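Understanding the architecture of this molecule
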Amino acid sequence: MEAEEQIKVLREFIEQNYYPQLLEGVRKGQMYLGLDFSELVKFNTEISEELLENPEEVLKAGEMAVKEFDLPQKVQKFTIRLTNMPDSQKINVSDIRSKHLNKFLWTEGVVRQKSDVRPHVAAAKFECPSCGNVITIIQLDKKYKEPSKCSCGRKGKFKEISRELVDGQGIVLEENADELDGVQPKRINVFLKDDLVAPISERRTGPGSRVRICGWVTEVPIILKTGGQSTKYDLIIEANYVEPLQEDDIEMNITPEELEQIKQLAQDPDLINILVKNLAPSIYGHDKIKEALILQLAGGCRKVRPDGIITRGDMHLLLIGDPGSAKSQLLKRISKIAPKARFTSGKGATAAGLTASVVKDEFLGGWSLEAGTLVLANKGFAIIDEMDKMGKEDTSALHEGMEQQQISISKANIQATLKCETTIIAAANPKLGRFDPYELIAKQINLPPTLINRFDLIFPIKDLPNREKDERVASFILKLHQDPQKAESSLSTKLLKKYFAYIRQKIEPRISDEAMEEIKEYYITMRSAGMSDDGSIKSIPITARQLEALIRLAEASAKLRLSNLVLKKDAQKAIELIDYCLNQIAKDQETGKIDIDRIGSRITATQRSSLTLIKDIIAALEEQMKVKTIPVENIIEAAQEKGITPSQVEDLLATLRRNGDIYEPKRGFVQRL
Ligand code: ADP
Ligand code: MG
């Protein structure tokens, strides 16, 4: 079709379908018009095919067509944007090749990085004298660039036909990792111009948001560090239309058969056990942890109150454990099941780290905001191994991310708040190598107590030798190595993933009165256990944080059954888990009492007093026996009179040794330092 003909056809198309819209838009100063591609196909197949093959040329014709109308305002520059592109034009970022140059395509992904708006980017258009092809070269460098080669094979001597200044912006689009199954997702630079640019703080296309981008592939010369022009080219997408996508849309391509399977599974009276068995079939034991992980995958309900206060529905879980206790393996496996999951190691796999960072923009120059794991996993899961090894900046940004579920950043002229409604599953190694149940959590892992407090559930994984258990674990692991297929579960990973995606999005249970009563009862009982008979407070066994955790867990338990009502049994399940957790990590081994400060603080009152007592005993014995090395036996004897059992003494001595208060000059003797 000749250019004249193209203009005529498009003019007719717009006149018949979009005229009122066009007038209204121009009156408002809107310098673009969106056309529905599927309607254009119906109107004239020839032009729609030409549009796919030669987008720049046909869009130019569209612009000319618009200018022919009698418009309420004079238009200088006008853009035609296309929506509703056919599926045949969809391409994954990793599949983009040079043969796609200048073809109209669309792709989807997550915005990984977005630059500042750059108002002075020049775009020059050249015409190839041999074939008439128009080539756009975005001028990013100080040195003026001409195309070196046309797709028809011609090299050099191109005619410049126009040069314009545009508002430009670059984004780095990363393809959806979910569809890739573990392969490293590929990225591509996308160039936005004119009215497509938006401040970074604009949420719908900000870092971390999912978008559909329609445009064509063009080439930009790679700028060499020396400033010279390289013969290598980078492919970028010049965007024609950017459409924000609903965060929840993913994973929902559940077939009717799968939905039936999900419903059947949910009805099974043995549901929890089936899920526990299938969660990580190649990891032996850890059933309580697996149960907690299942509830976490289901998640609680997010609540937005009329006064604007939001309570998160996501639960955070932390595993602290001895080395070699399958923590990493468990997390890896969860990252395969959890919908929209991102796995990372605390030791900053990416430059943006866990939260977000401002980086130098290599594409347009200037600064760019890059989303980190938590932001990219918005509405999904951030799975963080070796969390204790994360950087300082991440640690502080994480506080806000975990409770307020947003990340604020302000650096190098860029200010933005990014959403992160993300569930965190983390693992940390104890500082001293092994987890010590007598020692406070905060002293054992390299994380600030304030951060530890924000986890709903904390599980220690202890690897204590136990003949019977060791035998079972050993034969389990050995069998796995003998026959790796054996761990194949009865539920496929795909189905599990869809099951969790489904219940997270579709089920929002309400709490029944009975469930409420049950939780309240537990909370009150626990709270009063911290009080003496005379009303004075000895310890705080539980806080409102745990109360909220109980609600989230109970909601999750109801979700698993696809139930719209949280029942008493759901509340009991939640209590069982929280109670288990508190007993593991917050129980004072000396008094047997639960003390929440054991989690978030570095020392408890009872422990402090017992340690002092032992130190006093040692000092007294020194006096009495007139020696420096004191037999442990004597200490045990003296302590028993004060009501401390021999095993407690051993533990207290161990703590003193670790603290550097005493040392062991020979077996069975201690000496003060
Ligand atoms: P961690 O991250 O806790 O230090 P890893 O996840 O790297 O430990 O586990 C070390 C190895 O031990 C893995 O190969 C894992 O499969 C094996 N292992 C440890 N505990 C178990 C278990 N309970 N069941 C199966 N394998 C286990
Ligand atoms: Mg590990």
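Residues numbered from 1 in each chain as written. Chains lettered and ligands numbered in written order. Predicted model: local features only at pLDDT ≥ 70, side-chain atom pairs only at ≥ 80, totals over all residues. Heavy atoms only, no water.

**Overview of the nonpolar core**
Formed by 67 residues in total, the largest nonpolar core has its most connected members in Leu275, Leu319, Phe459, Tyr499, Phe500, Ile503 and Leu560. Ignoring sequence-local partners within four residues, the contact set of Ile503 consists of Ala298, Lys559, Leu560 and Leu562. (Core = buried A, V, L, I, M, F, W, Y, C linked by side-chain atoms within 4.5 Å. Buried < 20%, exposed > 50% of the residue type's maximum accessible area, 1.4 Å probe, protein only. Contact = heavy atoms within 4.5 Å.)

**Some points on the environment of Ser492**
Of note, Ser492 is situated in the loop between helix 14 (467–482) and helix 15 (493–506). Look at Ser492 and you get partly exposed, because its relative accessible area is 38%. The spacing of Ser492 and Ile337 is 155 residues in sequence and 9.7 Å in space, taken between C-alpha atoms. A distance of 3.1 Å separates a polar atom in the side chain of Ser492 from the backbone nitrogen of Leu495. (Helix = DSSP H or I, 4+ residues; strand = E, 2+ residues; numbered from the N terminus. Polar contact = N/O pair within 3.5 Å; in protein donor to acceptor, adjacent residues only side chain to side chain.)

**Considerations on the sheet that holds strand 16 (residues 381–385)**
Strands sit in the order 13-16-19-12-20 across an open sheet of five strands; the sheet is parallel. Looking at strand neighbours, the two that pair on one side only are strand 13 (341–345) and strand 20 (457–461), the edges of this open sheet. Geometrically, the sheet is characterised by an average inter-axis angle of 15° between neighbouring strands, direction not taken into account. Relative to strand 16, strand 13 runs parallel, the two being bridged by five bridges. Each residue of the ladder has a partner; that of Thr344, found in strand 16, is Ile384. (Pairing = 2+ DSSP bridges. Axes fitted to C-alpha atoms, helices over the stretch in contact; angles between N-to-C directions.)

**Examining the side chain of Glu555**
With respect to the element layout, Glu555 can be found in helix 17 (residues 544–560). In this structure Glu555 touches Gly299, Gly300, Cys301, Lys303, Pro509, Ile511 and Val566, once residues within four positions along its chain are discounted.

**Details of helix 7 (residues 271–279)**
Counting buried residues in helix 7 gives seven out of nine residues, a clear majority hidden from the surface. Against the buried residues of helix 7 lie helix 6 (256–267), helix 8 (287–298), helix 9 (327–337), helix 15, helix 17 and helix 18 (568–585).

**Description of the pattern of salt bridges**
Applying the stated criterion across every chain, the model contains 35 salt bridges. Glu63 is the salt-bridge partner of Lys60, the closest N and O atoms lying 3.9 Å from each other. Taken as a pair, Lys60 and Glu63 lie in helix 5 (residues 55–68) at a separation of three residues, close to a single helical turn. We classify Lys60 as partly exposed; its relative accessible area is 42%. Here Arg302 makes a salt bridge to Glu421, at a shortest N to O gap of 3.2 Å. Residue Arg302 is located in the loop between helix 8 and strand 10 (303–304), and its partner Glu421 is located in the loop between strand 18 (414–419) and strand 19 (423–428); the two are separated by 119 residues in the primary sequence. What makes Glu421 buried here is its relative accessible area of 9%. Linked by salt bridges that have partners in common, Arg112, Glu174, Arg187, Arg342 and Glu370 make up one network. (Salt bridge = Lys/Arg side-chain N within 4 Å of Asp/Glu carboxyl O.)

**Concerning helix 11 (residues 392–403)**
Every buried residue belonging to helix 11 is among Asp394, Thr395, Ala397, Leu398, His399, Gly401, Met402 and Glu403, and all of these are buried. Summarising the contacts, the buried residues of helix 11 are in contact with helix 10 (373–376), strand 17 (406–411), strand 19, helix 13 (449–452) and helix 17. In the stretch just after helix 11, Gln405 is the one whose phi turns positive, near 60°.

**Description of the site of ligand 1**
Taken together, Ser282, Ile283, Tyr284, Asp322, Pro323, Gly324, Ser325, Ala326, Lys327, Ser328, Gln329 and Ile477 make up the full set of residues adjacent to ligand 1. Here Ser325 contributes a backbone N or O atom positioned 3.1 Å from an oxygen atom of ligand 1. In this structure, Ser328 approaches ligand 1 through a side-chain N or O atom, which is 2.6 Å from an oxygen atom. Out of a free accessible area of 560 Å², ligand 1 has 72% covered by protein chains. Partitioned by chemical class, the residues of the shell around ligand 1 number five nonpolar, five polar and two charged. (Near = heavy atom within 4 Å. Areas by Shrake-Rupley, 256 points an atom, 1.4 Å probe, with all protein chains shown as cover. Nonpolar A, V, L, I, M, F, W, Y, C, P; charged D, E, K, R; others polar.)

**Describing the packing of helix 16 (residues 513–529) against helix 17**
Close contact between helix 16 and helix 17 brings their axes to 11 Å; oriented N to C, the two are set at 155°. Between helix 16 and helix 17, the angle is such that the two are roughly antiparallel. Crossing geometry of helix 16 relative to helix 17 is assigned as right-handed. Contact with helix 16, carried on its side by Ile519, Tyr522 and Tyr523, involves Ala544, Leu547, Leu550, Ile551 and Ala554 of helix 17 and no other residues of that element. (Parallel < 35°, antiparallel > 145°, perpendicular 65-115°, else oblique. Left-handed = near helix turned anticlockwise from the far one by under 90°.)

**What to know about the packing of aromatic side chains**
This structure, assessed with the given rule, holds six aromatic pairs. Pairing Phe13 with Phe43 gives two aromatic rings, centres 5.1 Å apart and planes at 55°, and the pair type is tilted. Of this pair, Phe13 sits in helix 1 (residues 3–17) while Phe43 is found in helix 3 (residues 37–43), placing the two residues 30 residues apart along the sequence. Overall, Phe13 belongs to the buried group, its relative accessible area being 1%. On the basis of relative accessible area, Phe43 is assigned to the partly exposed category, the value being 27%. Every member of this aromatic cluster is reached through a ring pair, and the members are Phe13, Tyr18 and Phe43. For Arg81, the ring lying beneath its charged end belongs to Tyr32, and the centroid distance is 5.6 Å. Positioned above the aromatic ring of Phe343 is the side chain of Lys332, whose terminal nitrogen or guanidinium carbon lies 4.1 Å from the ring centre. (Phe/Tyr/Trp six-rings, centres within 6.5 Å; stacked < 30°, edge-to-face > 60°. Lys NZ or Arg CZ within 6 Å of the ring centre and 35° of its normal.)

**Points about the packing of helix 21 (residues 632–641) against helix 22 (residues 646–659)**
Angle between the axes and distance between the axes are the two parameters that describe a pair of packed helices. Contact geometry for helix 21 and helix 22: axes closest at 9 Å, N-to-C directions at 120°. By the criterion of interaxial angle, the relationship of helix 21 to helix 22 is oblique. In terms of crossing hand, the pair formed by helix 21 and helix 22 is right-handed. Of helix 22, the residues touching helix 21 (which contributes Val632, Ile635, Ile636, Ala639 and Gln640) are Pro646, Val649, Glu650 and Leu653. Taken together, the residues of the contact of helix 21 with helix 22 break down into seven nonpolar, one polar and one charged.

**Some remarks on the confidence of the model for the protein**
Taken as a whole, the protein shows an average pLDDT of 83; of its residues, 88% reach a score of 70 or greater. Model confidence for the protein, summarised as mean pLDDT per element, is weakest for helix 19 (residues 597–600) at 63 and strongest for strand 22 (residues 565–566) at 94. (pLDDT = per-residue confidence, 0-100.)

**Looking at the sheet that holds strand 25 (residues 669–672)**
One open sheet accounts for three strands, arranged 23-25-24; its pairing is antiparallel. Each edge of the sheet is formed by a strand with only one pairing partner; in this case those strands are strand 23 (630–631) and strand 24 (662–663). Here strand 23 pairs with strand 25 via two bridges, running antiparallel. In the strand pairing of strand 25, Ile630 is matched with Val670.

**Points about the pairing of strand 20**
Taking burial as the measure, the five residues of strand 20 include five buried ones, the bulk of the element. Along strand 20, one buried face is formed by Leu457, Phe459 and Ile461 and the opposite face, lined by Ile458 and Pro460, is buried too. By the bridge criterion, five bridges tie strand 12 (residues 317–321) to strand 20 in an arrangement that is parallel. Residue Gly321 lies in a different strand from strand 20, and its bridge partner there is Ile461.

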